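# Observations on chain architecture
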Amino acid sequence: MALGRRGRDRQIDYWPGFVDALSTLLLVFTFLLSTFILTQFFLTQEIAGKDDVMQRLQAQIRQLTDLLSLERANIQSTESDLASVRASLEASESERERLRGQAAAIPAPSDTGRANALSRELDSQKDLAARAAAQIELLNQQIAALRRQMAALEEALNISEKRDAESQAKITDLGRRLNVALAQRVQELTRFRSEFFGRLRDILGNRPDIRVVGDRFVFQSEVFFDAGSAVMKPEAIASLDKLAGAILDLEKSIPPDISWALRIDGHTDNRPISTAQFPSNWELSAARAIAVVQYLIAKGVSPNHLIAAGFGEFQPLDTGTSDEARARNRRIELKLTER
């Protein structure tokens, strides 16, 4: 039986290699899309705060514009009143000059009564002219005050518009710097992922049941667990200890300002399970991921850098129904990602 199996192993099967390549491309695309969405999320959060400031500045500008329009209307009304008073003053002065002419044209003092009447009327016109002059002076003072207020409003409006322009420039610069910072963080995390996976390869050796698929390190479930079980096998302890050591070294090497986590994903094949402990493959895959996480925590790995996730049978690497395909789909994956 062993000889027959080795004979089958020597046959070249191109289909798994094609599926691996296609899966790798899909995972790379998914990683890039996730990075883009995360970048847009942070940028949206930053811009949302700046939009509130912009809205307040624009509201102040609108208020100042309304006040400026009101002051301009008041100046026009005052200037109209001033023109009316000046016209009335000119009419009064014309009437006073007429009365003076009539008084000078009286030939003799015999017409004393008429002269006295003209003199009283002239005095009355003088009083009207004096009151009109005082009103004109008051209106001139009011116009000067309104012009000063309008100048102050125009200055405040210019300051608000300048702040608006500065805020727009700051938002643009903030977006550019945020994109650069996110790109740098993604590059740094990619570099640490490559170093981490390279170290795992060196530690665990070239084993057929442990491999790299895209941006994930994949262990076959049989390395850690028996079929239908989430209890760690004793022979898996050595591999997990090596894995914990690599993660502890990774925690020391990644700067604290980079938010990262190692996600432990549990996957099963498509054969259903229904037991008291595991009603479905969801529970089985999640329990296996949690078991690995708990062991790593017991070895000193920080819980802040670990995520346990169960995917059941719904993320297969191989869509076939053979025993070999199902074996490929029963796996534990490690993925270094942003938190």
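In case you missed it, the structure is sitting above this.
About the thresholds
- Residues numbered from 1 in each chain as written.
- Predicted model: local features only at pLDDT ≥ 70, side-chain atom pairs only at ≥ 80, totals over all residues.
- Heavy atoms only, no water.
- Helix = DSSP H or I, 4+ residues; strand = E, 2+ residues; numbered from the N terminus.
- Buried < 20%, exposed > 50% of the residue type's maximum accessible area, 1.4 Å probe, protein only.
- Areas by Shrake-Rupley, 256 points an atom, 1.4 Å probe, with all protein chains shown as cover.
- Phe/Tyr/Trp six-rings, centres within 6.5 Å; stacked < 30°, edge-to-face > 60°.
- Polar contact = N/O pair within 3.5 Å; in protein donor to acceptor, adjacent residues only side chain to side chain.
- Contact = heavy atoms within 4.5 Å.
- Axes fitted to C-alpha atoms, helices over the stretch in contact; angles between N-to-C directions.
- Left-handed = near helix turned anticlockwise from the far one by under 90°.
- Nonpolar A, V, L, I, M, F, W, Y, C, P; charged D, E, K, R; others polar.
- Pairing = 2+ DSSP bridges.

## Some details on the overall build of the protein
Per the secondary structure count, the protein includes six helices and five strands. Relative to its 339 residues, the protein shows a buried fraction of 35%. Carbon and sulfur atoms make up 55% of the accessible area of the protein, which amounts to about 20,400 Å² in all.

## Observations concerning the packing of aromatic side chains
The tally for this structure, following the rule as stated, stands at four aromatic pairs. Each ring, one from Phe224 and one from Phe225, has its centre 6.2 Å from the other, and the planes form 75 degrees; the classification is edge-to-face. The two residues Phe224 and Phe225 agree in class, both being buried.

## So, the side chain of Asn329
For Asn329, the location among the structural elements is in helix 6 (residues 323-329). A polar atom in the side chain of Asn329 sits 2.7 Å from the backbone nitrogen of Leu317. What Asn329 contacts, discounting residues up to four positions off in sequence, is His267, Thr268, Asp269, Pro316, Leu317 and Asp318.

## Some details on the packing of helix 4 (residues 237-253) against helix 5 (residues 281-298)
Two numbers describe how helix 4 lies on helix 5: the axes approach to 10 Å, and their chain directions differ by 65 degrees. In this structure, helix 4 meets helix 5 at a crossing whose hand is right-handed. In this structure, helix 4 contributes Ile237, Leu240, Asp241, Leu243, Ala244 and Ile247 to the contact, and helix 5 contributes Val292, Tyr295 and Leu296. Residue composition of the contact of helix 4 with helix 5, grouped by class: eight nonpolar, no polar and one charged.

## Regarding the pairing of strand 2 (residues 216-220)
Of all five residues in strand 2, five are buried, a share of seventy percent or more. Both faces of strand 2 are covered, namely the face carrying Arg216, Val218 and Gln220 and the face carrying Phe217 and Phe219. As paired strands, strand 1 (residues 210-213) and strand 2 are joined by four bridges and run antiparallel to one another. By the bridge assignment for strand 2, Ile210 is matched with Phe219. Counted along the chain from strand 1 to the antiparallel partner strand 2, the turn is two residues long, and its residue Gly214 has a positive phi close to 65 degrees.

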